[in-house]
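Architecture at a glance
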Amino acid sequence: MRVLISLLGMDQHEVGALTVAGILRDAGYEVLYLGRFQTPQSIIRAALEEDAQVIGISCYSWDFRLFLPQLMEGLKAEGLKVPVVVGGGILSEEDERWLRALGVRGVFRAGSTPEQILSFFASLDRSGQRRGRPTR
Amino acid sequence: MPQDVTTDSGIPVKPIYRPEDVAWLDYGQDLGDSGSYPYTRGIHPQMFRERPWIMRVLAGEGTPKQTNQRLRKLLAAGQTGIDVIGDSPTMSWLDSDHPLALGSVGTQGVPLCCLDDYRELLEGIPLDGVSLSWSAPAAFVVAALACLAQERGADPARIRGSTILIPLYCEDCSYSNRQPIQMRMRLAVDTVEYCARHLPNFHAFVEDAYYISEVGLNAVEELALALVEARAIIRTLLAKGVSIDSFAHRIAFLLTARMDFFEEIAKYRALRRIWARMMRDEFGAKDPRSWRLTITVHTSGISLTASQLPNNIVRGAYEALAAVLGGCQAVEVCAFDEPFRVPTLEAATVALRTLQIIALETGITRVADPLGGSYYLEFLTRELEERALAMVMEIEGKGGPVELAESGYFANIFHRAIARRHEAIRNGTKAVVGVNVLTMSPDEDTLLRQVAKTRLEVSTEQIEKVRELRRRRDPIALAKALSHLEETAHDPSANLIPAIMEALRADATMEEVTRAVRSAYGPTQDPILRRAL
């Protein structure tokens, strides 16, 4: 499964994103690390070009409050049915509810373990296989 | 409980240290009294009796006006210096109305993208009254302070404080601006040179090892990378013909304070010894002030946890204690809510009180270097000194630091540190209370959580202010100042700071100044936007 990992806007704290990218890579996932200074447009473009099957967004700032709704809207407009997963130590319970209401499939807050993350990705992988690869 | 037999940086440690472990120690050569070469025991003869360390906490949120209010409250609470951090656009040299900045203006620091921002931030705060410290782009800070001094009729020579100078590693850690590295080096060198002439009491060259340590570097790597960067800038200044004694005494190091208590104390002592010997014997400094290194400390943010928040107050206290026992000149405590946000006033006040309690209640300020002579501490001090110097030699043996930075050499060190720390927490070799040991269910873990969760909204007022500035300023004066700045940038022997001041006075923004300087260094497009859109 191809996983795209990205930060949004001015968020520059990459430690979490790089750590999760490493966990996924070690577990055999193909990780496309997009890194810092990304916008909804640049993420959607990369997801299309690289045929990403999951989009993972790392948050260590509040940029997601502005950019995440734009990302979800943009994906819908493109007809891209790629699940979006958001992780970050600063996310609160309210953020989790808000993100899920926007259609975000997985939310990982402070205290999430690598095992929880991997088992979530495994479940995405299984459901992806059942209904065929979620491409355009 | 597993027994740790190495320090955090991997130094093997015995169960007890005895006189023979420090048989090499020559008091005069290796330690000296505080205030004497090689300053291992501290840079002032009477240390904190003579000069208390500067007590401050980080501030920056909302608009410059709002941060000004915060600074006044902190000064009223007994803070002896101010410490300002720019918001994330500012740290990346972007204006508040940049398309990528719209989700973060004023949320993780204060926006500072034009002279008006500095004017509002420092209103009513005397430029020569308290120490002014900045985590913000150095050339802009210095140019803005010099402009304000002129406006207020204050003597720039009396401005005290410091600003971080981070040309080499900023791209690899959290202060990326994507500008050409040669241009970053030029701005760094010109800033130091300008201050040596015009702001002689301002530390324009704070070698910042803090933010790079926050990825998970150990103490040896922290010292070595800091020294590599500082030495690269020093060599560039010397090559420009600036004399070592004109700026060396205004270099300071900003270090972290981790939880490995004795190793951190040893680290500050080792660095002072390294510095004194390096300055005198390698760089030929003659003025004893050039041999004495000022060290400032910000306690570790990465050691704090998002769970069991009150524990972070305890961590900050131990880390600050290590900095004080290590003889540092300024200490900032990372506030307990920083896993979630820049500190609330409540959390910042606890951080300030932590320092004030150490100063007023513990009595450890009575005697200089009270742990000096401890067999264990002297052993650790030498180990850190030798290991850090060996790593500096290894790195410098691989090539020029600028080329190494561009080749991704340092990025690799940082990425390895991230992976190493994650693995140590995952496999339990590094205990972190509340994370991999002694955890608590979310229902129980509620104390102080409300404070940490209060959120800052993006400052639309600031974004509008910058847009309005663009409408109201005089376009002819602006164009003239920017074109003069461009010409200056194309002359490598000229100093950029006076031309930047001229541009700021014409209400140029940080991005416009950056663009003008960049014209001499290649890319004409906005390097961040080009990538994002």
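Rules used in this analysis
- Residues numbered from 1 in each chain as written.
- Chains lettered and ligands numbered in written order.
- Predicted model: local features only at pLDDT ≥ 70, side-chain atom pairs only at ≥ 80, totals over all residues.
- Heavy atoms only, no water.
- Helix = DSSP H or I, 4+ residues; strand = E, 2+ residues; numbered from the N terminus.
- Rg over C-alpha atoms; globule rule 2.2 N^0.38 Å.
- Buried < 20%, exposed > 50% of the residue type's maximum accessible area, 1.4 Å probe, protein only.
- Contact = heavy atoms within 4.5 Å.
- Areas by Shrake-Rupley, 256 points an atom, 1.4 Å probe, with all protein chains shown as cover.
- Lys, Arg positive; Asp, Glu negative; His and termini not counted.
- Charge placed at Lys NZ, Arg CZ, Asp CG, Glu CD.
- Polar contact = N/O pair within 3.5 Å; in protein donor to acceptor, adjacent residues only side chain to side chain.
- Salt bridge = Lys/Arg side-chain N within 4 Å of Asp/Glu carboxyl O.
- Pairing = 2+ DSSP bridges.
- Axes fitted to C-alpha atoms, helices over the stretch in contact; angles between N-to-C directions.
- pLDDT = per-residue confidence, 0-100.
- Buried area = accessible area lost by both parts, 1.4 Å probe.
- Nonpolar A, V, L, I, M, F, W, Y, C, P; charged D, E, K, R; others polar.

If you tally the helices and strands in chain B, you get 23 helices and nine strands. Relative to the 2.2 N^0.38 estimate, which gives 24 Å for 533 residues, the radius of gyration of chain B is 23 Å and therefore close to what a compact globule would have. Each of the three principal axes of chain B carries a C-alpha extent, and together these read 75 × 60 × 45 Å. Taking all 533 residues of chain B together, 61% fall into the buried category. Contacts spanning at least 24 positions in sequence make up 77% of the contacts within chain B whose residues lie at least 6 apart. As presented, chain B carries roughly 20,000 Å² of accessible surface, and 54% of it is formed by carbon and sulfur atoms. For chain B, the distance from the average site of its 59 positive side-chain charges to the average site of its 69 negative ones is 1 Å.

Another point: the overall build of chain A. Assigned secondary structure in chain A consists of five helices and five strands. The secondary structure elements of chain A, listed N-terminal to C-terminal, are β-α-β-α-β-α-β-α-β-α. In summary, chain A has a C-alpha radius of gyration of 13 Å against a globular reference of 14 Å for 136 residues, a match within 12%. Expressed as lengths along the three principal axes of its C-alpha atoms, the size of chain A is roughly 35 × 35 × 25 Å. Within chain A, the proportion of its 136 residues that are buried is 56%. Look at the contacts in chain A between residues 6 or more apart in sequence, and 69% of them connect residues 24 or more apart. Split by element, the accessible area of chain A, about 5,800 Å² in all, is 50% carbon and sulfur. A gap of 6 Å separates the mean positions of the 16 positive and 16 negative side-chain charges of chain A.

The next point concerns the side chain of Arg258 of chain B. All names here are of chain B. Position of Arg258 among the secondary structure elements: in the loop between strand E7 (251–257) and helix H11 (261–282). Residue classification places Arg258 among the buried residues on the basis of a relative accessible area of 10%. Reaching out from Arg258, the side chain makes a polar contact with the side chain of Glu264 at a distance of 3.1 Å. Filtering out sequence-adjacent residues up to four positions away, Arg258 remains in contact with Asp8, Ser213, Leu217, Asn218, Ala219, Glu222, Glu264, Lys267, Ser300 and Glu319.

Residue and element names in this part refer to chain B. Summed over all chains, the structure comprises 51 salt bridges over all chains. The salt bridge partner of Arg18 is Glu20, with a shortest N-O separation of 2.7 Å. Overall, Arg18 belongs to the partly exposed group, its relative accessible area being 43%. Arg70 serves as the salt-bridge partner of Glu61, at 3.2 Å between the closest nitrogen and oxygen. On the accessibility criterion, Glu61 (18% relative accessible area) is buried. In the salt-bridge network here, residues are joined through shared partners; they are Asp95, Asp97, Arg470, Arg473 and Glu512.

Bringing the sheet that holds strand E5 (residues 106–108) of chain A into the picture now. Residues and elements named next belong to chain A. Pairing is parallel in the open sheet, where five strands are placed in the order E2-E1-E3-E4-E5. One side of each edge strand has no neighbouring strand; the edge strands of this open sheet are strand E2 (30–35) and E5. On average, each strand axis in the sheet is inclined to that of its neighbour by 20 degrees, with strand direction left out of account. Two elements, strand E4 (residues 84–87) and E5, share three bridges in a ladder whose sense is parallel. Opposite Val86, over in E5, you have Val107 as the bridge partner. Running at roughly 170 degrees to E4, helix H3 (residues 64–78) makes contact with strand E3 (54–58) and E4 of the sheet.

Turning our attention to the confidence of the model for chain A. In the predicted model, chain A carries a mean pLDDT of 92, and the fraction of residues at 70 or more is 93%. Low pLDDT, under 50, characterises residues 130–136 of chain A; the predicted model gives this stretch 11 contacts beyond four residues in sequence or across chains.

In this section: the sheet that holds strand E6 (residues 202–208) of chain B. Residue and element names in this part refer to chain B. Taking strand neighbours across the sheet as the criterion, the nine strands line up as E1-E9-E8-E7-E6-E5-E4-E3-E2 in an open arrangement whose pairing is parallel. Edge positions in the sheet fall to strand E1 (54–56) and strand E2 (58–59), since each has one partner strand and no second. Where E7 lies against strand E8 (residues 294–299), six bridges are found, and the strand directions are parallel. Its bridge partner being in E8, Ala257 is matched across the sheet by Thr299. Along the sheet, helix H14 (residues 345–361) makes contact with E1 and strand E9 (330–332), crossing E1 at roughly 150 degrees.

Right, let's get into the interface of chain A and chain B. Every contact between the two is made by 32 residues of chain A and, on the other side, 38 residues of chain B. For the pair chain A and chain B, the summed buried area comes to about 2,800 Å², and 56% of that belongs to carbon and sulfur atoms. Looking at the side of chain A facing chain B, the largest losses of area belong to Met10, Phe37 and Trp62 of chain A, adding up to 30% of the total buried there. At the boundary of chain A and chain B, one finds zero salt bridges. Of all the elements in the fold, those that place two or more residues in the side of chain A that touches chain B are helix H1 (15–26), helix H2 (40–50), H3 and helix H4 (93–101) of chain A. Counted by class, the side of chain A that touches chain B contains 14 nonpolar, 11 polar and seven charged residues.

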